Amino acid sequence: VQLLASGGGLVQAGGSLRLSCAASGRSFGYSAMGWFRQAPGKERQLIAAISRGGTRRFYAESVKGRFTISKPDAENTAYLQIKSLKDEDTAVYYCAAKETVSGAVITTTSDYEYWGQGTLVTVSS
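As the structure is a prediction and not an experimental result, all values here were calculated from the model.

A.B. asks: When you look at the packing of aromatic side chains in this model, what are you seeing that I'm missing?
C.D. replies: The description of two aromatic rings rests on the distance between their centres and on the angle between their planes. Summed over the entire model, instances satisfying the criterion amount to 3 aromatic pairs. Pairing Phe36 with Tyr112 gives two aromatic rings, centres 5.3 Å apart and planes at 90°, and the pair type is edge-to-face. Of this pair, Phe36 sits in strand β4 (residues 31-38) while Tyr112 sits in the loop between β9 (91-99) and β10 (114-115), placing them 76 residues apart in sequence. Neither residue differs from the other here; Phe36 and Tyr112 are each classed as buried. By relative accessible area, which is 0% here, Phe36 ends up buried. Members of the aromatic cluster, each reached through a chain of ring pairs, are Phe36, Tyr112 and Trp115. A cation sits over an aromatic face here: Arg44 above Trp115, 5.0 Å from the ring centre.

This is the structure:
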């Protein structure tokens, strides 16, 4: 599976953005996936995850209520909808996937097998 993350950019605080993660080589239907972010000088952090079937979701406390992860069945693309952006959301955002038969979300970074290249989100105040 190859992942291509896109949709980042410069956004004003309070604005919205939608990140995309396009998969090639294999259907996203076989994979649980997650979105991570890494701010300058900080470790990469899982912020949202979705199960293979799309029925379970996980969100980090810092993004609950503002970020929405989705993985539409008819598309080979996953999304991260972001609203009410804050300065602290500035980071490089990565998508990741793990092929699994489990219906659980994957919350351990090292469990993810495939990674996108990252897309930069910069929030200006």
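Once the structure has been displayed, the description carries forward.
A.B. asks: It is not clear to me how the sheet that holds strand β7 (residues 67-70) should be interpreted in this structure. Could you clarify?
C.D. replies: Remark on secondary structure: sheet strands pair via backbone hydrogen bonds, oriented parallel or antiparallel. Here we have 4 strands laid out as an open sheet, ordered β1-β3-β8-β7, and antiparallel in their pairing. Only two strands of the sheet have a single partner each, and these edge strands are β1 (2-6) and β7. Ignoring strand direction, the axes of neighbouring strands in this sheet form an average angle of 15°.

A.B. asks: What is the right way to read the nonpolar core from this model?
C.D. replies: Most often, soluble globular proteins have nonpolar side chains that are buried together. In this structure, Met33, Trp35, Leu80 and Tyr93 are the most contacted members of the largest nonpolar core, which totals 29 residues. Going through the elements one at a time, β1, β3 (17-24), β4, β5 (45-50), β7, β8 (77-82), β9 and β11 (119-124) are the ones with two or more residues in this core. Each residue touching Tyr93, except ones within four places of it in the same chain, is listed here: Leu19, Trp35, Phe36, Arg37, Ile47, Phe67, Leu80, Ile82, Gly118, Thr119 and Val121. Grouped together as the second largest cluster of nonpolar side chains are 8 residues, Phe36, Leu46, Ala49 and Ile106 included.

A.B. asks: Help me understand the pattern of salt bridges in this model?
C.D. replies: If charged atoms from side chains of opposite charge come close, those side chains can pair. If you walk through the whole model with that rule in mind, you get 3 salt bridges. Between Lys64 and Glu61 there is a salt bridge, with the nearest N and O atoms lying 2.8 Å from each other. Using a relative accessible area of 46% as the deciding quantity, one classes Lys64 as partly exposed. Close ionic contact of Arg66 with Asp89 constitutes a salt bridge, the shortest N to O distance being 2.7 Å. One end of the pair, Arg66, is in the loop between β6 (57-59) and β7; the other, Asp89, is in the loop between β8 and β9, and 23 residues separate them in sequence. Exposure remark for Arg66: the relative accessible area of 9% places this residue in the buried category.

The rules behind these values
Residues numbered from 1 in each chain as written. Predicted model: local features only at pLDDT ≥ 70, side-chain atom pairs only at ≥ 80, totals over all residues. Heavy atoms only, no water. Phe/Tyr/Trp six-rings, centres within 6.5 Å; stacked < 30°, edge-to-face > 60°. Helix = DSSP H or I, 4+ residues; strand = E, 2+ residues; numbered from the N terminus. Buried < 20%, exposed > 50% of the residue type's maximum accessible area, 1.4 Å probe, protein only. Lys NZ or Arg CZ within 6 Å of the ring centre and 35° of its normal. Pairing = 2+ DSSP bridges. Axes fitted to C-alpha atoms, helices over the stretch in contact; angles between N-to-C directions. Core = buried A, V, L, I, M, F, W, Y, C linked by side-chain atoms within 4.5 Å. Contact = heavy atoms within 4.5 Å. Salt bridge = Lys/Arg side-chain N within 4 Å of Asp/Glu carboxyl O.

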